Each structure stands twice: as structure tokens, then as C-alpha cells.
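Architecture and fold: a report
Chain residues, written in single-letter form:
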Amino acid sequence: MTEDPRYVEDGAMTIAPVTLVGKRVRLVPMSRDHMDALLKAASFPAIWEHTGTSALTSVDALQRYMDTALLDRDEGRGIPFVTTDAATGEIIGSTRFANFSLHDRRVEIGWTWMRPDRQHTGINGEAKSLMLQHAFD
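Residues numbered from 1 in each chain as written. Predicted model: local features only at pLDDT ≥ 70, side-chain atom pairs only at ≥ 80, totals over all residues. Heavy atoms only, no water.

A short note on helix 1 (residues 35-42)
- Listing the buried residues of helix 1 in full gives Met35, Leu38, Leu39, Ala41 and Ala42. End-on view of helix 1: buried residues confined to an arc of 165 degrees, all on one side of the axis. Turned more than 90 degrees off the buried face of helix 1, the exposed positions are Asp36 and Lys40.
- Next to the buried residues of helix 1 lie helix 2 (59-74), strand 3 (78-85), strand 4 (91-101) and strand 5 (106-114). (Buried < 20%, exposed > 50% of the residue type's maximum accessible area, 1.4 Å probe, protein only. Helix = DSSP H or I, 4+ residues; strand = E, 2+ residues; numbered from the N terminus. Arc of directions from axis to C-beta. Contact = heavy atoms within 4.5 Å.)

A short note on the side chain of Arg96
- Mapping Arg96 onto the fold places it in strand 4.
- Here Arg96 is buried and forms no salt bridge, its nearest opposite-charge partner Asp72 lying at an N-O distance of 4.2 Å.
- At 3.3 Å, the side chain of Arg96 and the side chain of Tyr65 are in polar contact. (Lys, Arg positive; Asp, Glu negative; His and termini not counted. Salt bridge = Lys/Arg side-chain N within 4 Å of Asp/Glu carboxyl O. Polar contact = N/O pair within 3.5 Å; in protein donor to acceptor, adjacent residues only side chain to side chain.)

Overview of the pattern of salt bridges
- Counted by the stated rule, this structure contains 10 salt bridges.
- Here the salt bridges do not stand alone but share partners, grouping Asp85, Glu90, Arg115, Asp117 and Arg118 into one network.

Description of the environment of Asn124
- Residue position: Asn124 is located in helix 3 (residues 123-136).
- With 30 residues separating them along the chain, Asn124 and Ser94 place their C-alpha atoms 10.0 Å apart.

A look at the layout of surface pockets
- Roughly 150 Å³ of internal volume is contained in the second largest pocket.
- Taken together, Ile47, Thr51, Thr112, Trp113, Met114, Arg118, Gln119, His120, Thr121, Gly122, Ile123 and Asn124 form the lining of the second largest pocket.
- Of all the secondary structure elements, the ones that give two or more residues to the lining of the second largest pocket are strand 5 and helix 3.
- Per-element accounting of the lining of the second largest pocket gives the leading share, 3 residues, to strand 5.
- Taken together, the residues of the lining of the second largest pocket sort by class into 4 nonpolar, 7 polar and 1 charged. (1 Å grid on protein atoms, 1.4 Å probe; cavity = no way out; pocket = protein on both sides within 12 Å on 5 of 7 lines; lining within 4 Å. Points joined across faces, edges and corners; volume = space filled by probe spheres on them. Nonpolar A, V, L, I, M, F, W, Y, C, P; charged D, E, K, R; others polar.)

Spelled out as C-alpha cells, the structure:
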């Protein structure tokens, strides 16, 4: 079998939880300790009106969401983040890296939701910029 010239071995990709810090946002690795604050942030029905995600407004729904995110992390398929306000430390939402392909050196960015009062403020744009910079570095 010949090597595929599209793939350049440039060292192994590191898939591990990491904290990403910007001027307005701080993305921290999700943990079960974030449950109560995430539930508070997710409790706005407007977040879920136009998404394909079931509303995460109950303990059971958020627990299932976190179980999936943390299992993906533990099995090397994703890195879930808790989105926090860099100035106050307040948890305002979540996002993640997911569906890693080591062979293709590919990752998806998504599963993003944020409190309505923090939407359209540039926080999500900065979060995605931090994630893209980390992914390409």
C-alpha cells in the first residue's frame, strides 16, 4: 500500500482538555462541578427556540448532555468547554471540539449555546477565534 500524499506526518495531534483565555471570554474544560451553574445559564427558553438540541432546562436533560460530552472527552472524541465571562468568571454557556479525526487532522467546532443576554456581544466570536487558533496551532 502506498502512502497517501495528502497526509503529512507533522507530529501527533494532542487531544487534551485545555483552558483558552481571551479578553472577554474564558473557555474552561467542562466538569461535573459545573452542573449547577450550567443549569442556571441554560434555563432561558429562548436559547433553545431555534436549535435542534432539546432544551437543557432540567437537571435530567443537562445531565444527559454532560454525560455525552464527558464520555466523548474520556474516549478522545471531544473536548467540551464551559464558556465563562473573563471579567466575572460567571458561566454563560458551553461549546466544544468534537468528532476528531487524527488521520485527517480534523476537528469540528460546535455544540454551542449561550445565555441570551450574552449573545450578539462578540463573546462567541472571540471564543471561536480562540478555538480556531488552538486547533491550527
